Amino acid sequence: MNKLVNKKVIIIGGTGETGKRIVKYLNHLYPDLAIATASRSKPPHSPDNLNINNIKLDVNLSESAIDILKSFQLAIIAIGPMDKYTAQVHKLCLQANIDVIDINDSLEAADAIFSLHDQVKQQERRVFTGMGFSPGISTLLLMELAENQQLSDNYHCRLYMGAAYGGGESSPYAMLASFKNNMAQFINKQRLNKKTPWDDTHSQFKFPSQ
């Protein structure tokens, strides 16, 4: 018997652009998995007409959110921007005593999530952060460089998010983040906040609200 039968997964932010893609492929790869999407406003139809349960869930209403999450074994966090939520939703999931996967692309959020390590270990739960698209691309590039073993130069990567499709509410934040004046860099095993290395006309743009 398939081990995923009777397993229930909730995708928080499953009606957004990225969330819908997660739902679609999860449903395709694991048809026996019971999948639900959660958003602040319950959509009238399932994403792409799939047999998905749509749930209204507001992460700012802690008590009701925890009650909903308790009926699932795994939560996939696909809301954003992660700079806004940091570890807020992860804490709700831990209070509901369920495992968590997110697509976090924020170092600030990662710090907040990593601070939950002792609690996660004590509860014997599993939390995976940074499972998004950009970390995957960056990892592949680093592996390519490591195999080449000629690392005397500095290598930089800037990504433009949301160019291929309309994008959800958090897409503009991801796009603007690539134009920040400062970025975290790991130098000699230390994390430093340094001026961005981009030397082009885009570095002159200002985004006061970001």
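In this report, we go over the structure that sits alongside the text.

Scoring rules and cut-offs
Residues numbered from 1 in each chain as written. Predicted model: local features only at pLDDT ≥ 70, side-chain atom pairs only at ≥ 80, totals over all residues. Heavy atoms only, no water. Buried < 20%, exposed > 50% of the residue type's maximum accessible area, 1.4 Å probe, protein only. Helix = DSSP H or I, 4+ residues; strand = E, 2+ residues; numbered from the N terminus. Arc of directions from axis to C-beta. Contact = heavy atoms within 4.5 Å. Pairing = 2+ DSSP bridges. Axes fitted to C-alpha atoms, helices over the stretch in contact; angles between N-to-C directions. Patch = residues over 30% accessible without salt bridge, like charges linked within 9 Å, V, L, I, M, F, W, Y side chains within 5 Å. Areas by Shrake-Rupley, 256 points an atom, 1.4 Å probe, with all protein chains shown as cover. Salt bridge = Lys/Arg side-chain N within 4 Å of Asp/Glu carboxyl O. Core = buried A, V, L, I, M, F, W, Y, C linked by side-chain atoms within 4.5 Å.

All of the buried residues along helix α2 (residues 62–69) are A65, I66 and L69. Axial view of α2: buried residues confined to an arc of 100°, hence all on one face. Taken together, the buried residues of α2 touch β1 (8–12) and α4 (88–95).

The 6 strands are arranged β3-β2-β1-β4-β5-β6 in an open sheet whose pairing can be described as parallel. Of all the strands in the sheet, just β3 (53–56) and β6 (127–128) have a single pairing partner and so form its edges. The strands touched by helix α1 (residues 17–29) within the sheet are β1, β2 (34–39) and β4 (74–77), with β1 carrying the most contacts at an inclination of about 160°.

On to a nonpolar patch on the surface, then. Where nonpolar side chains cluster on the molecular surface, the patch consists of Y25, L29 and Y30 and spans about 350 Å² of accessible area. The residue L29 is located in helix α1 in this model.

One broad trend across soluble globular proteins is that nonpolar side chains are buried collectively. Within the largest apolar cluster, 21 residues are counted, with the highest numbers of intra-cluster contacts made by I10, I12, L57, V59, L69, V89 and C93. Among the secondary structure elements, those contributing two or more residues to this core are β1, β2, α2, β4 and α4. L57 has contacts with I10, A38, S39, R40, A65, I68 and L69, leaving out every residue within four places of it along the chain. In this structure, V9, L26, I35 and I76 belong to the second largest nonpolar core, which totals 10 residues.

Attention now moves to the pattern of salt bridges. The final tally for this structure, using the stated rule, is 3 salt bridges. A salt bridge links D99 to R125, with the nearest nitrogen and oxygen atoms 2.8 Å apart. You can see D99 sitting in strand β5 (residues 99–102) and its partner R125 sitting in the loop between α6 (117–123) and β6, a full 26 residues away along the chain. Close ionic contact of D99 with R126 constitutes a salt bridge, the shortest N to O distance being 3.1 Å. Of this pair, D99 sits in strand β5 while R126 sits in the loop between α6 and β6, and the two are 27 residues apart along the sequence. D99 gets classed as buried once you look at its relative accessible area, which sits at 8%.

It is worth spelling out the pairing of strand β7 (residues 182–187) at this point. Bridge count between β7 and strand β8 (residues 190–195): 6 bridges; the pairing is antiparallel. In the sheet register, Q185 faces β8, and the bridge partner there is L192. Hairpin connection from β7 to β8: 2 residues lie between these consecutive antiparallel strands, with N188 at a positive phi of about 50°.

Here the focus is α4. Owing to its 3.6 residues per turn, the α-helix brings residues three or four apart onto one side. Every buried residue of α4 is accounted for by V89, H90, L92, C93 and L94. Two residues or fewer past α4, N97 is found with a positive phi of approximately 60°.

What follows deals with the environment of I10. You can see I10 is positioned in strand β1. Residue I10 is classed as buried on the basis of its relative accessible area of 0%. Residues I10 and L69 lie 59 residues apart in sequence; the distance between their C-alpha atoms is 7.8 Å. Apart from the residues lying within four places of it in its own chain, the contact partners of I10 are A36, A38, I55, L57, I68, L69, F72, L74, A75 and I76.

Mapped onto the elements, A36 comes out in strand β2. Residue class for A36 comes out buried when judged on its relative accessible area of 1%. The contact partners of A36, leaving out residues within four places of it in the chain, are V9, I10, I11, I52, N53, I55 and F72.

What follows deals with unusual backbone geometry. Here T86, not a glycine, exhibits a phi torsion of approximately 40°, which is positive. A positive phi angle, close to 60°, is found at N97, a residue other than glycine. Counting through the fold element by element, N97 comes out in the loop between α4 and β5. Relative accessible area serves as the criterion here: at 40%, N97 is assigned to the partly exposed category.

Function cannot be inferred from these measures alone, as they are strictly geometric.
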